[in-house]
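As a plain string of letters, each chain reads:
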Amino acid sequence: MSSDQTPVRQPVPFWVSAVDAHLLGTVSVHGRPAWKVSFFDPKTPGWYTILIDKATMHTVNMAMITTAHFMHESYGPFDEPLSIVPPTT
């Protein structure tokens, strides 16, 4: 018996396009080597700096600066066990 299935939507990055990309070097994030990359997204418009884990290719950190707005996000840990604790009253 077949049934309808809702498509799985993957996360979409904040940037729409990337121009003038530069590899700024290698840094360490939680003891792991990562590439530090910068680029400009003319559709935001915004300047981005991201850190990409060299082993997994996961984006682990993102900073964005645009007119009158800035953001900084850290991602992870990936594939780690979660602990859910009820709130205290």
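Summary of the structure given here. (Residues numbered from 1 in each chain as written. Predicted model: local features only at pLDDT ≥ 70, side-chain atom pairs only at ≥ 80, totals over all residues. Heavy atoms only, no water.)

With respect to the sheet that holds strand E3 (residues 46–53)
So, point 1. Ordered by their spatial adjacency, 5 strands build an open sheet running E1-E2-E3-E4-E5, and the pairing between neighbours is antiparallel. Strands with a single pairing partner mark the edges of an open sheet, and in this sheet they are strand E1 (19–29) and strand E5 (69–74). Put simply, the sheet's adjacent strands are angled 15° from each other on average, direction ignored.
So, point 2. Examined bridge by bridge, strand E4 (residues 59–66) and E5 share 6 bridges and lie antiparallel to one another. Counted as the bridge partner of asparagine 61 is serine 74 from E5. (Pairing = 2+ DSSP bridges. Helix = DSSP H or I, 4+ residues; strand = E, 2+ residues; numbered from the N terminus. Axes fitted to C-alpha atoms, helices over the stretch in contact; angles between N-to-C directions.)

What about the pattern of salt bridges?
So, point 1. The final tally for this structure, using the stated rule, is 1 salt bridge.
So, point 2. For aspartate 53, the salt bridge goes to arginine 32, with nearest N and O atoms at 2.6 Å. Of this pair, aspartate 53 sits in strand E3 while arginine 32 sits in strand E2 (residues 32–41), placing them 21 residues apart in sequence. (Salt bridge = Lys/Arg side-chain N within 4 Å of Asp/Glu carboxyl O.)

Here's the deal with the side chain of asparagine 61
So, point 1. For asparagine 61, the location among the structural elements is in strand E4.
So, point 2. At 3.4 Å, the side chain of asparagine 61 forms a polar contact with the side chain of serine 74.
So, point 3. If we skip the residues at most four places from it in the chain, asparagine 61 touches Thr49, Ile50, Leu51, His72, Glu73, Ser74 and Tyr75. (Polar contact = N/O pair within 3.5 Å; in protein donor to acceptor, adjacent residues only side chain to side chain. Contact = heavy atoms within 4.5 Å.)

With respect to the nonpolar core
Soluble, globular proteins show a tendency: their nonpolar side chains are buried together.
So, point 1. One finds Val37, Phe39, Tyr48, Ile50, Ile52, Met62, Met64 and Met71 forming the largest nonpolar core, which totals 8 residues.
So, point 2. Going through the elements one at a time, E2, E3 and E4 are the ones with two or more residues in this core.
So, point 3. When residues no more than four places from it in sequence are discounted, the contact partners of tyrosine 48 are Phe14, Trp15, Val37, Ser38, Phe39, Asp41, Met62, Ala63 and Met64. (Core = buried A, V, L, I, M, F, W, Y, C linked by side-chain atoms within 4.5 Å. Buried < 20%, exposed > 50% of the residue type's maximum accessible area, 1.4 Å probe, protein only.)

Re unusual backbone geometry
So, point 1. Geometrically, the link from threonine 44 to proline 45 is a cis peptide bond, its omega value of -25° lying close to zero.
So, point 2. Take proline 45: it is sitting in the loop between E2 and E3.
So, point 3. Here the phi dihedral of alanine 68 falls at roughly 55°; this positive angle occurs in a residue that is not glycine.
So, point 4. Counting through the fold element by element, alanine 68 comes out in the loop between E4 and E5.

Things to note about the packing of aromatic side chains
So, point 1. Scanning the model with the defined rule gives 4 aromatic pairs in all.
So, point 2. A ring pair is formed by tryptophan 15 and phenylalanine 39, whose centres lie 5.3 Å apart and whose planes are at 75°; its orientation type is edge-to-face. Highlighted residues: tryptophan 15 in the segment before E1 and phenylalanine 39 in strand E2, separated in sequence by 24 residues.
So, point 3. Judged by its relative accessible area of 22%, tryptophan 15 falls in the partly exposed class.
So, point 4. Here phenylalanine 40 and tryptophan 47 contribute two aromatic rings whose centre-to-centre distance is 4.9 Å and whose plane-to-plane angle is 50°, an arrangement assigned as tilted.
So, point 5. A residue is classified by how much of its surface remains accessible, and tryptophan 47, at 52% relative accessible area, is exposed.
So, point 6. Members of the aromatic cluster, connected to one another through ring pairs, are Trp15, Phe39 and Tyr48. (Phe/Tyr/Trp six-rings, centres within 6.5 Å; stacked < 30°, edge-to-face > 60°.)

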